[in-house]
Amino acid sequence: MTDSVKYLLPEDKLPKAWYNLAADLPAPLPPPLHPGTLQPVTADDLAPIFPRAVIEQEMTQERWVEIPEPVCEVYRLWRPAPLIRARRLEKALDTPARIYFKYEGVSPAGSHKPNSAVPQAFYNKQEGVKRLATETGAGQWGSSLAFAGSLFGLEVEIYMVRISYNQKPYRRALMETYGARCIASPSPLTNAGRAILEKSPESNGSLGIAISEAVEVAATRDDTKYALGSVLNHVCLHQTVIGEEAILQMEMAGDRPDVVIACTGGGSNFAGLAFPYIRENLKNGGKTRVVGVEPASCPSLTRGRYAYDFGDTGHLTPLTKMHTLGSTFMPPGSHAGGLRYHGMSAMVSHVKELGLMEARAYWQTECFAAAVQFARAEGIVPAPESSHAIKGAIDEALRCKAEGKAETILFNLSGHGHFDMQAYTDFFAGNLRDVAFEEEELKAALEALPKVG
Ligand SMILES: *Cc1c(COP(=O)(O)O)cnc(C)c1O
């Protein structure tokens, strides 16, 4: 066979539980701290903004967490996500490596994010919540939560980072199609938004600011809770359906990966694919290399400091030990809006500190070049975020070629780019630039980190 091949899974083999890496880590995760008392955050501290079931999942040490049947039912609308052997790409690269990708773009919202949006909406609904407030960067999380909210009858209010709000009107239209309300952030509707607008009326916004706005709304309204699309432990947990399916699909393909690769924004699609493989490495003698790929313009894993920091710009969230560029760091605008976050998931950061993963950073133009090469070989137009994983996979495949090694590469294609075609137009017109941040700004943001222990 010379053409690309797709592997699905019979329905009775679909994962029935999410996997919690916390149960198998050789050292415990440093706890999140209350910013006032510097004591570990309690379930009561989180109760105003999250439903009980989600808080439990955020803190649990259980290895397996059962997926509720109503969530499985919704998952089955698009899961299993296909695993595809990218033979045409292998041929284009003339590499002896075997390249597989897990394609999460088949979900209704076009990315991996509904894997967590659906259970989060389900648990909120179950606990009588009426409204959800959230933020969105590129619009992927917003559309995912809007979709999930529409299934479970919840109102959804979305603070969208202004630069994406302007660049991606169709993402907004998608959220509105699902019945959600979409607001450009920073907005005049919240204290956090107004504070930023006073200082910089032209602010492009950032995920950190949009999070502050959504958290403020949830904290100040009884009928409203908050939902986060990445970073937190429960989000990483929900995303592990990706890796659990992939392990079974790779078995069907009669192969096993030497390296797994995913892009990292807040870390959730990476966690989703990688954590089950890290378990295999830790417990079952697996030897898979695990690689996270981030944008060079916002490189928390490769250039950030491992320190306690706020998750948002307005300093409303708990302090989390993570790789961070500093919560006051303003990443330059880029088309991979979903990767434009100053911090990294605590769990992924911890995994990095423990030496269980590697990280590297690429510029956006080299990622777009990789995305175009991929699209012309495999037909799928990737999201700009996912193009980082593709660039990582292509580099590994070219290394295999140089070394004459027939290794197996698996990467996560976290979403399609159908709403990002303006970015492709800019790339073809030569208008995409690689914008580096100012070293002085990074230094200042790191100096402004909260002083903890
Ligand atoms: C949001 C998003 C990302 C980045 O978020 P993670 O939590 O790091 O996965 C990556 N790819 C796509 C398609 C996204 O929508």
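This structure is a prediction, so every number in the text was calculated from the model and none was measured.

What follows deals with the domain arrangement of the protein. Accessible area lost when the parts come together is the quantity often used to give the size of an interface. For the protein, the domain assignment lists domain 1 (5-13 + 79-110 + 238-447) and domain 2 (47-67 + 113-233). When each unit is reduced to the centre of its C-alpha atoms, the spacing between domain 1 and domain 2 is 22 Å. Contacts between the two partners involve 39 residues from domain 1 and, on the opposite side, 38 residues from domain 2. Between domain 1 and domain 2 lies a buried interface of about 2,900 Å² when both sides are counted; carbon and sulfur atoms form 58% of it. Of all residues in domain 1, Ala109, His238 and Phe419 bury the most surface against domain 2, accounting for 23% of the area lost on that side. Its salt-bridge partner being Lys168, residue Asp420 comes within 2.6 Å of it at the nearest N-O pair. Applying the counting rule to domain 1 against domain 2 returns 12 residue pairs in polar contact (both at pLDDT 80 or more). Elements with a contribution of two residues or more to the side of domain 1 that touches domain 2: helix 11 (233-239), helix 12 (241-252), helix 13 (268-283) and helix 15 (346-353). Residue classes in the side of domain 1 that touches domain 2 are distributed as 11 nonpolar, 19 polar and nine charged.

A separate point is the nonpolar core. Ranked by size, the top nonpolar core spans 58 residues in total, and within it Trp18, Phe50, Val118 and Tyr226 carry the most contacts. When residues in this core are grouped by element, the largest group, seven residues, is from helix 10 (residues 207-220). Residues Ala253, Val260, Ala262 and Leu410 belong to the second largest nonpolar core, which totals 31 residues.

Right, let's talk about the pairing of strand 15 (residues 408-413) for a bit. In terms of burial, strand 15 is a largely internal element, six of the six residues being buried. Burial along strand 15 is two-sided: the face carrying Thr408, Leu410 and Asn412 and the face carrying Ile409, Phe411 and Leu413 are both buried. Both strand 5 (residues 98-103) and strand 15 contribute to a ladder of six bridges, which runs parallel. Residue pairing across strands places Tyr100 opposite Leu410, the latter belonging to strand 15. In terms of strand pairing, strand 10 (residues 259-263) meets strand 15 through three bridges, oriented parallel. Of the residues in strand 15, the one forming a bridge with Val259 is Ile409.

Before going further, it helps to examine the packing of aromatic side chains. Think of a pair of aromatic rings as described by two things: how far the centres are apart, and how the planes are tilted against each other in angle. Scanning the model with the defined rule gives 15 aromatic pairs in all. Judged by centre distance (5.8 Å) and plane angle (50°), the rings of Phe50 and Tyr226 are tilted. One end of the pair, Phe50, is in the loop between helix 1 (43-46) and helix 2 (52-59); the other, Tyr226, is in strand 9 (residues 224-226), and 176 residues separate them in sequence. Taking the relative accessible area as the measure of exposure, Phe50 reaches 7% and is therefore buried. We classify Tyr226 as buried; its relative accessible area is 3%. Among the aromatic residues, ring-to-ring pairing joins Tyr75, Trp78, Phe147 and Tyr178 into one connected group. Over the aromatic face of Tyr19 sits the side chain of Arg279, whose NZ or CZ is 4.4 Å from the ring centroid.

Pairing in this open sheet of four strands is parallel, and the strands run 8-7-6-9 from one edge to the other. At either margin of the open sheet sits one strand with a lone partner, and together these are strand 8 (181-185) and strand 9. Going across the sheet, the axis of each strand differs from the next one's by a mean of 25°, ignoring polarity. Pairing of strand 6 (residues 131-136) with strand 9 involves three bridges; the strand directions are parallel. By the bridge assignment for strand 9, Leu132 is matched with Lys225. Of the strands in this sheet, strand 6 and strand 7 (155-161) are in contact with helix 6 (residues 140-152), which crosses strand 6 at around 160°.

As a further point, take the site of the ligand. What surrounds the ligand is a group of 19 residues, the closest being Lys113, Ser230, Gly265, Ser268 and Ser414. One nitrogen or oxygen atom from the main chain of Gly265 is found 2.7 Å from an oxygen atom belonging to the ligand. In this structure, Ser268 approaches the ligand through a side-chain N or O atom, which is 2.7 Å from an oxygen atom. Residues belonging to the shell around the ligand are distributed by class as follows: three nonpolar, 14 polar and two charged. Counting the residues that make up the shell around the ligand, at least three belong to each of domain 1 (5-13 + 79-110 + 238-447) and domain 2 (47-67 + 113-233).

Before going further, it helps to spend a moment on the side chain of Ser107. Residue placement: Ser107 occurs in the loop between strand 5 and helix 5 (114-126). Look past the residues within four positions of Ser107 in its chain and what remains in contact with it is Trp78 and Pro114.

With that settled, consider the pairing of strand 6. Note on strand geometry: in a regular strand, side chains alternate between the two faces of the sheet. Counting buried positions along strand 6 gives six out of six residues, so the element sits mostly inside the fold. Burial along strand 6 is two-sided: the residues Arg131, Ala133 and Glu135 and Leu132, Thr134 and Thr136 are all buried. Both strand 6 and strand 7 contribute to a ladder of six bridges, which runs parallel. Within strand 7, the residue paired with Leu132 across the bridge is Val156. The parallel pair strand 6 and strand 7 is bridged by helix 6, and the resulting crossover is right-handed.

Bringing the sheet that holds strand 10 into the picture now. Here seven strands make up an open sheet; going across it, the order is 1-4-5-15-10-11-14 and the pairing mixed. In the strand order of this sheet, the two ends are held by strand 1 (5-7) and strand 14 (358-362), each with one partner. Ignoring strand direction, the axes of neighbouring strands in this sheet form an average angle of 25°. Where strand 4 (residues 83-85) meets strand 5, three bridges bridge the pair, whose relative direction is antiparallel. Residue pairing across strands places Arg85 opposite Tyr100, the latter belonging to strand 5.

Each value, and the rule that gives it
Residues numbered from 1 in each chain as written. Predicted model: local features only at pLDDT ≥ 70, side-chain atom pairs only at ≥ 80, totals over all residues. Heavy atoms only, no water. Domains from an automatic or database assignment. Contact = heavy atoms within 4.5 Å. Buried area = accessible area lost by both parts, 1.4 Å probe. Salt bridge = Lys/Arg side-chain N within 4 Å of Asp/Glu carboxyl O. Polar contact = N/O pair within 3.5 Å; in protein donor to acceptor, adjacent residues only side chain to side chain. Helix = DSSP H or I, 4+ residues; strand = E, 2+ residues; numbered from the N terminus. Nonpolar A, V, L, I, M, F, W, Y, C, P; charged D, E, K, R; others polar. Core = buried A, V, L, I, M, F, W, Y, C linked by side-chain atoms within 4.5 Å. Buried < 20%, exposed > 50% of the residue type's maximum accessible area, 1.4 Å probe, protein only. Pairing = 2+ DSSP bridges. Phe/Tyr/Trp six-rings, centres within 6.5 Å; stacked < 30°, edge-to-face > 60°. Lys NZ or Arg CZ within 6 Å of the ring centre and 35° of its normal. Axes fitted to C-alpha atoms, helices over the stretch in contact; angles between N-to-C directions. Near = heavy atom within 4 Å. Right-handed = clockwise from strand over helix to strand, strands pointing away.

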